[in-house]
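What follows is the residue order along each chain.
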Amino acid sequence: SYFIKFYGRDGDQTGQDMVVLPDGTFILFGTTTPSGSNQQSQWYLVKTDTKGTVMWEKKFGGPFNEEASDIELTNDGRLVIVGNSFKSPTDRDIFIMTLTLDGVKIDSTRVGFKNSANQDTDEDALSVSLTNDGFIVAGSSNNTDIKPNPVANDLRDAIHIRFYNNLLPYPNTWGKTDGPGTYDAALKVIEISPSQYYVFGYSNKVVPGHAKPDFNYWIFGLGVNGDPNTADLFIGDINDDEKLSSVSIAPLQSGDGYFLGGITVQSGATGVSDIYVSRLRKGLTFSSSDYQFQKPLSVRLGTKLPEKTSVFASLQSGFYVLANENSFNNDQNWILTKVNNDGSIAWTLPIVFGGGGLDTCGSVQELPDGRIVLIGTMRTGQPDVGEYKMALIKVNKDGKLLN
């Protein structure tokens, strides 16, 4: 009923995301890198039964180092996975693939941009979302020549790249990039209708009332051609940096809307991290009336941590939040907590998972029976020399390995 299990063989294997199939089995998605010098990383896909026992495992890749980002289950029973292909340390292309539930490849494609000087640019794919006729990949690019409204000293823009079901890219009539600041990223695109899409990300645009260009959560709408058709909604503290890293669509039991999770970093020399959450209503007007709350959780995470969280809206009530911390035992661990519908903390203390060494969280989901599953990466063996392994944890509704 409850377990911690590790996956992978030679070398390092990371756990990034997962899907739960209707029969209760899991498909886990991450990256594998064989031991030895000059070894290339590939996507790593594992199917397990309900007890976490391996049913099959497969690798996918090409001539470049591949990095896993996101996996989704389509409405017609396929898998879609997305990540990045490293043509060089500073040049990534989007890599997207569809597969059967048995892990057999159906289609795949790589997409990269060129700037006005015909030079390759760096694209970072963060997620893939389903649409009525295919998919949208969200992320960011340092190609700032595509955006219709240039910004002075621009460094990076949000991308929302659309694909048909067969993974052919949409024509250039679909808008690909946006960004009001000098550094903007899209985390997730949600289709509301065939003519309306919500984009969730973060930006360092100077927000009215803020004295400097700090990072804030950033939400806006796209129309039928991928062009912005709403005002920008910014969420964040007036002094600190907030970067969004997860979005969950809430059912009626959890407020019927959107729950956002990310990391806030205190300004100044300390740079202490905290979890920052916000709950938005379902039909957005892109004004301050859209959010029920926006707040840090006052969970002291530590410093110099990955800007990574995963949130999941419970089918019962409330929201699970998974993040990283290094203040518990000076090692980096996973930390799991739960937030009530009104934004208050549901658990007296968060649950910490990990041991010696560097452990990095992936994602959290709730099963139909209320149990919780977590995926991520844990270092096995000695803290400074052990291998990294994909880790899957199943716990009860309170985050514990107990009946």
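Shown above is the structure to which this text applies.
Description of the structure in this document.

1. A few points about the overall build of the protein chain
Then step 1. Counting its regular elements, the protein chain contains zero helices and 28 strands.
Then step 2. The C-alpha radius of gyration computed for the protein chain amounts to 20 Å, which stays within 12% of the reference 22 Å derived for 403 residues, consistent with globular compactness.
Then step 3. Buried residues in the protein chain amount to 54% of all 403 residues.
Then step 4. Considering only contacts within the protein chain whose residues lie at least 6 apart along the sequence, 53% involve residues at least 24 apart.
Then step 5. Total accessible area on the protein chain stands at roughly 16600 Å², and carbon and sulfur atoms take up 50% of it.

2. Section: the environment of Thr 33
Then step 1. Summarising the element assignment, Thr 33 is placed in strand 3 (residues 26-33).
Then step 2. C-alpha separation for the pair Thr 33 and Lys 394, spaced 361 residues apart in sequence, amounts to 25 Å.
Then step 3. Contact partners of Thr 33, with chain neighbours within four places excluded, come to Asp 10, Gly 11, Asp 12, Gln 39 and Ser 41.

3. Some words on the sheet that holds strand 4 (residues 42-48)
Then step 1. Strand order in the open sheet formed by four strands is 2-3-4-5, with antiparallel pairing between adjacent strands. Looking at strand neighbours, the two that pair on one side only are strand 2 (12-20) and strand 5 (54-60), the edges of this open sheet. On average, each strand axis in the sheet is tilted by 20 degrees relative to the strand beside it, whichever way the strands run.
Then step 2. Here six bridges tie strand 4 to strand 5, and the two strands are oriented antiparallel to one another. Residue Lys 47 lies in a different strand from strand 5, and its bridge partner there is Trp 56.

4. Quick word on unusual backbone geometry
Then step 1. Residues other than glycine seldom take positive phi values, yet Asn 153 does so here, at roughly 60 degrees.
Then step 2. Considering the arrangement of structural elements, one finds Asn 153 in the loop between strand 11 (134-141) and strand 12 (157-164).

5. Looking at the layout of surface pockets
Then step 1. Space inside the second largest pocket adds up to approximately 180 Å³.
Then step 2. In terms of lining residues, the second largest pocket is bounded by Lys 147, Pro 148, Asn 149, Asp 178, Gly 179, Pro 180, Trp 218, Phe 220, Pro 228, Thr 230 and Asp 232.
Then step 3. In the lining of the second largest pocket, the residues fall into five nonpolar, three polar and three charged.

6. Things to note about the sheet that holds strand 15 (residues 196-203)
Then step 1. Taken together, the four strands give an open sheet; going across it, the order is 14-15-16-17, and neighbouring strands pair in antiparallel fashion. If you trace the sheet from one side to the other, it starts and ends with strand 14 (184-193) and strand 17 (233-235), each paired once. Shown here is a sheet whose adjacent strand axes are inclined to one another by a mean of 20 degrees, direction ignored.
Then step 2. In the sheet, strand 14 pairs with strand 15 via eight bridges, with the strands oriented antiparallel. Counterpart to Ile 190 in the pairing with strand 15 is Tyr 198.

7. A word on the pattern of salt bridges
Then step 1. According to the stated counting rule, one finds 20 salt bridges in the structure shown.
Then step 2. Note that Lys 147 and Asp 157 form a salt bridge whose closest N and O atoms lie 2.9 Å from each other. Taken together, the positions of Lys 147 in the loop between strand 11 and strand 12 and Asp 157 in strand 12 put the pair 10 residues apart, joining distant regions of the chain.
Then step 3. The shortest N-O distance in the salt bridge between Asp 290 and Arg 281 comes to 3.0 Å.
Then step 4. Linked by salt bridges that have partners in common, Lys 87, Asp 91, Asp 93, Lys 114 and Asp 120 make up one network.

8. Regarding the packing of aromatic side chains
Then step 1. Under the criterion given, the structure shown has 15 aromatic pairs.
Then step 2. When the centroid spacing of 5.6 Å and the interplanar angle of 90 degrees are considered together, the rings of Tyr 217 and Tyr 276 count as edge-to-face. Of this pair, Tyr 217 sits in strand 16 (residues 216-222) while Tyr 276 sits in strand 20 (residues 273-281), placing them 59 residues apart in sequence.
Then step 3. Classification of Tyr 217 as buried rests on a relative accessible area of 0%.
Then step 4. Judged by its relative accessible area of 4%, Tyr 276 falls in the buried class.
Then step 5. Measuring from centroid to centroid gives 6.4 Å for Phe 259 and Phe 293, while their planes differ by 65 degrees, and the two rings are edge-to-face. Of the two residues, Phe 259 is situated in strand 19 (residues 257-265) and Phe 293 in strand 21 (residues 291-296); the sequence distance between them amounts to 34 residues.
Then step 6. Owing to a relative accessible area of 9%, Phe 293 belongs among the buried residues under this scheme.

9. Digging into the environment of Cys 361
Then step 1. Position of Cys 361 relative to the elements: it lies in strand 26 (residues 360-366).
Then step 2. Expressed as a C-alpha distance, the spacing of Cys 361 and Ile 238, which sit 123 residues apart in the sequence, is 28 Å.
Then step 3. Setting aside residues up to four positions removed in sequence, Cys 361 forms contacts with Lys 308, Leu 322, Ala 323, Asn 324, Trp 334, Ile 375 and Gly 376.

10. Some words on the side chain of Ser 314
Then step 1. If you trace the backbone, Ser 314 turns up in the loop between strand 22 (309-313) and strand 23 (319-325).
Then step 2. Note on Ser 314: relative accessible area 0%, which makes it buried.
Then step 3. Excluding residues within four positions of it along the chain, Ser 314 makes contact with Pro 251, Ser 254, Phe 319, Tyr 320, Lys 338 and Glu 366.

11. Looking at the nonpolar core
Then step 1. Within the largest apolar cluster, 17 residues are counted, with the highest numbers of intra-cluster contacts made by Phe 259, Ile 275, Val 277, Leu 297, Leu 301 and Val 321.
Then step 2. Among the elements of the structure, strand 19, strand 20, strand 22, strand 23 and strand 24 (333-339) are those that each provide at least two residues to this core.
Then step 3. Among the elements that take part in this core, strand 23 stands out by supplying three residues, more than any other.
Then step 4. Setting aside chain neighbours within four positions, we find Val 277 in contact with Phe 259, Leu 260, Phe 293, Gln 294, Lys 295, Leu 297 and Val 321.

What counts and how
Residues numbered from 1 in each chain as written. Predicted model: local features only at pLDDT ≥ 70, side-chain atom pairs only at ≥ 80, totals over all residues. Heavy atoms only, no water. Helix = DSSP H or I, 4+ residues; strand = E, 2+ residues; numbered from the N terminus. Rg over C-alpha atoms; globule rule 2.2 N^0.38 Å. Buried < 20%, exposed > 50% of the residue type's maximum accessible area, 1.4 Å probe, protein only. Contact = heavy atoms within 4.5 Å. Areas by Shrake-Rupley, 256 points an atom, 1.4 Å probe, with all protein chains shown as cover. Pairing = 2+ DSSP bridges. Axes fitted to C-alpha atoms, helices over the stretch in contact; angles between N-to-C directions. 1 Å grid on protein atoms, 1.4 Å probe; cavity = no way out; pocket = protein on both sides within 12 Å on 5 of 7 lines; lining within 4 Å. Points joined across faces, edges and corners; volume = space filled by probe spheres on them. Nonpolar A, V, L, I, M, F, W, Y, C, P; charged D, E, K, R; others polar. Salt bridge = Lys/Arg side-chain N within 4 Å of Asp/Glu carboxyl O. Phe/Tyr/Trp six-rings, centres within 6.5 Å; stacked < 30°, edge-to-face > 60°. Core = buried A, V, L, I, M, F, W, Y, C linked by side-chain atoms within 4.5 Å.

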